[in-house]
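Breakdown of the fold
As a plain string of letters, each chain reads:
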Amino acid sequence: MVLNYIWIAFFLVAFVVAVGRTLFCGDFGIWSDIMGASFTSAATAFEIALGLTGVLSLWMGLMKIGERAGVIQMFGRVISPLFTRLFPGIPRNHPAMGSIFMNVSANMLGLDNAATPLGLKAMQELQELNPEKERATDAMLMFLVLNASGLCFIPIGIMMYRAQAGASNPTDVFLPILLATFISTMVGIIAMCLKQGIRLWDRVLLSWLVGLAAAVSAIVWFFSTLPKEEVELYSGFFANVLLFSVIVFFVISGLRKRLNMYDAFIEGAKEGFKTAVMIIPYLVAILVAIGMFRASGAMDVLTSAMTSCAEFMGMDADWIGALPTALMKPLSGSGSRGMMVDLMSTYGADSFVARVSAAIQGSTDTTFYILAVYFGSVGVVKTRYAVPYALLADFTGSVAGVIAAYVFFH
């Protein structure tokens, strides 16, 4: 229901702002802009789904091989001590455990194209355990918040955008992003554990969380010792080698079990194609609402109001220019990337506001896109408390990104 109200609010706020601009500013072209944005956003939604079709078919085909070869179940057993605490509703050794692990791992490596189909596969397996098919389970909600918080160890995409914009050191945002996304994920996990009655002081759960913190600290230390020009090289190398190694491991495991891997791949790829078609209506619904909201100027109104509040309270307002990225991040991945790129081209890739924007961009994932695609792929319409808890992770990530940018760059 929360997503329903937010979706309606996008249209109503856009309409009110457009009426105000027409009556008080004489802006009659705003209506053409809004309707043009609706058509453009609808086309963009279809293009996204079309672009996902090939990737979904590829990765769901590979996942089918891994599933039949027993690899997914093996991954599930490895991560089972942690996930049985975070997902108590999932039986031990259920395939969903392995799919969740694969999805989280792909997100951590910054491999968005791989993470989405793996996440959709996990949602389908979680839906098999769901007694009320239209209502999200606790396990689904935990999984969605983990994705929305977007823990990413290697933000390759952001570093590439900075390189294209002419940054003197495209990788200098690596550490602020890592710290921001780690804090966001920890807050998301802790909040969901408290909400779902999961014991945070469980010895196994606590040891895993402490171990994750140690891993983040080790990565920060390792990359801080590298020459600046080698950070992007090594991060991309490790991510892609690990991903390709997983694919080869799937194939070798299939050979050992003497599977007909071609037929298994085709079966999984067909499921990927069906999933891509299923998510189109959900993407159209959310992206059109966001596009009209942005075109009406409502986003600009929010930014101006925040700037005035910060100045009134005597706060440093240097970060306010990056606020559109923070506001757009939960709504649209492409929109927030566009905001970040626009700031780099306007103020320079090495400007403070551009670096703040990059830290915010890498701190979390796109909440409403994830909600629309993941829940839409399995037909869940009652999302319960997914939205507020996912937005809590978003807000925490943005605040942490701003603070980290001040620590490293201001």
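Residues numbered from 1 in each chain as written. Predicted model: local features only at pLDDT ≥ 70, side-chain atom pairs only at ≥ 80, totals over all residues. Heavy atoms only, no water.

Re a nonpolar patch on the surface
The line we're drawing: A patch is a set of surface residues, each over 30% in relative accessible area and not in a salt bridge, joined within 9 Å for like charges and within 5 Å for the nonpolar side chains Val, Leu, Ile, Met, Phe, Trp and Tyr. Surface exposure here means Shrake-Rupley accessible area, sampled with a 1.4 Å probe, where a residue is shielded only by the protein chains that are shown. Each reported salt bridge corresponds to a side-chain nitrogen of Lys or Arg within 4 Å of a carboxyl oxygen of Asp or Glu. Helix and strand labels come from DSSP, where a helix needs a run of H or I of at least four residues and a strand needs a run of E of at least two; each type is numbered from the N terminus. For the exposure calls, accessible area comes from a 1.4 Å probe over protein chains only, and a residue counts as buried if that area is under 20% of its type's maximum, exposed if over 50%, partly exposed in between.
A surface patch of nonpolar side chains, about 710 Å² in accessible area, is lined by W221, F222, L233, Y234, F237, F238 and V241. Counting only elements with at least two residues in the nonpolar patch, the list comes to helix 9 (203-225) and helix 10 (228-256). For the nonpolar patch, the element with the most residues is helix 10, which contributes five residues. Mapped onto the elements, F237 comes out in helix 10. In this structure F237 comes out as partly exposed when scored by relative accessible area, which is 47%.

Some details on helix 9
Rules: For a helix, the expected span equals 1.5 Å multiplied by the residue count minus one.
In this model, helix 9 (23 residues) spans 33 Å end to end at C-alpha, consistent with the 33 Å of a helix rising 1.5 Å per residue. Buried within helix 9 are the following residues: L205, L209, L212, V216, I219, V220 and F223.

Notes on the packing of helix 6 (residues 138-149) against helix 18 (residues 386-409)
Note the cut-off: Each axis is a line fitted through C-alpha atoms, and for a helix only the stretch in contact is used; angles between axes span 0 to 180 degrees, taken between their N-to-C directions. Roughly parallel here means an angle under 35 degrees, roughly antiparallel means over 145, roughly perpendicular means 65 to 115, and every remaining angle is called oblique. Two helices crossing with the near one rotated counterclockwise from the far one by less than a right angle form a left-handed crossing, whereas a clockwise rotation gives a right-handed crossing. Only heavy atoms enter the contact rule, under which two residues are in contact if any of them lie within 4.5 Å. For this classification, Asp, Glu, Lys and Arg are treated as charged, while Ala, Val, Leu, Ile, Met, Phe, Trp, Tyr, Cys and Pro are nonpolar and the rest, including Gly, are polar.
The N-to-C vectors of helix 6 and helix 18 enclose an angle of 25 degrees; their axes lie 9 Å apart at closest approach. Compared by their axis directions, helix 6 and helix 18 come out roughly parallel. In this structure, the crossing between helix 6 and helix 18 has a hand that is right-handed. For the pair formed by helix 6 and helix 18, the contact residues are L141, V145, A148 and S149 on the first element and A386, Y389, A390, A393 and D394 on the second. Its residues placed into classes, the contact of helix 6 with helix 18 shows seven nonpolar, one polar and one charged.

Notes on the environment of S207
In this structure, S207 sits in helix 9. Between the alpha carbons of S207 and I183 there is a distance of 17 Å; along the sequence they are 24 residues apart.

Re unusual backbone geometry
Unusually for a residue other than glycine, R258 sits at a positive phi of about 55 degrees. Of note, R384 is a non-glycine position whose phi angle comes to about 55 degrees, a positive value.

Brief notes about helix 6
Relative to the 16 Å expected for 12 residues at 1.5 Å per residue, helix 6 spans 17 Å between its end C-alpha atoms, a close match to the ideal helical length. Across the 12 residues that make up helix 6, a large majority, 11, are buried. For helix 6, the set of buried residues is A139, M140, L141, M142, F143, L144, V145, L146, N147, A148 and S149. The positive-phi residue at the C-terminal boundary of helix 6 is G150, with phi of around 60 degrees.

Details of the confidence of the model for the chain
Any segment with low pLDDT has predicted coordinates that should not be analysed in fine detail. For clarity, the cut-off: The pLDDT value tells you how sure the predictor is about a given residue, anywhere from 0 up to 100.
Put simply, the chain has an average pLDDT of 83, and 93% of its residues get 70 or more. Summarising per-element confidence for the chain, the mean pLDDT is lowest in helix 15 (residues 333-347) (73) and highest in helix 6 (91).

Comments concerning the environment of I219
Position of I219 among the secondary structure elements: in helix 9. Note on I219: relative accessible area 19%, which makes it buried. Separated by 44 residues in sequence, I219 and L175 have C-alpha atoms that sit 9.0 Å apart. With residues up to four places along the chain from it excluded, the contact list for I219 reads F153, F174 and L178.

A short note on the side chain of R162
Looking at the secondary structure, you find R162 in helix 7 (residues 156-164). Note on R162: relative accessible area 0%, which makes it buried.

Quick look at the side chain of D202
Stated precisely, the cut-off is as follows: Within 3.5 Å is the distance limit for a polar contact, defined as a pair of N or O atoms, with the added protein rule that one can donate a hydrogen and the other accept it, and that residues adjacent in sequence qualify only through two side-chain atoms.
Within the element layout of this structure, D202 appears in the loop between helix 8 (174-196) and helix 9. Its relative accessible area of 11% is what places D202 among the buried residues. A polar contact is formed between the side chain of D202 and the side chain of R85, at a distance of 3.1 Å. Within polar-contact distance, the side chain of D202 engages the backbone nitrogen of L205 at 3.1 Å.

Notes on the pattern of salt bridges
Applying the stated criterion across every chain yields a total of eight salt bridges. With its nearest N and O atoms 2.9 Å apart, the salt bridge here joins D27 to R21. D350 is paired through a salt bridge with R355; the nearest N and O atoms lie 3.8 Å apart.

Observations regarding the nonpolar core
Quick reminder of the rule: Among buried residues, the Ala, Val, Leu, Ile, Met, Phe, Trp, Tyr and Cys ones that are joined through side-chain atoms within 4.5 Å form a nonpolar core.
In this structure, L86, F87, M123, L126, F143 and F375 are the most contacted members of the largest nonpolar core, which totals 75 residues. A per-element tally of this core places helix 17 (residues 367-378) first, with nine residues. The contact partners of M123, leaving out residues within four places of it in the chain, are M140, F143, L144, Y374, F375, S377 and V378. In terms of nonpolar packing, the next biggest core, distinct from the first, is built from 16 residues, L62, A69, V246 and I247 among them.

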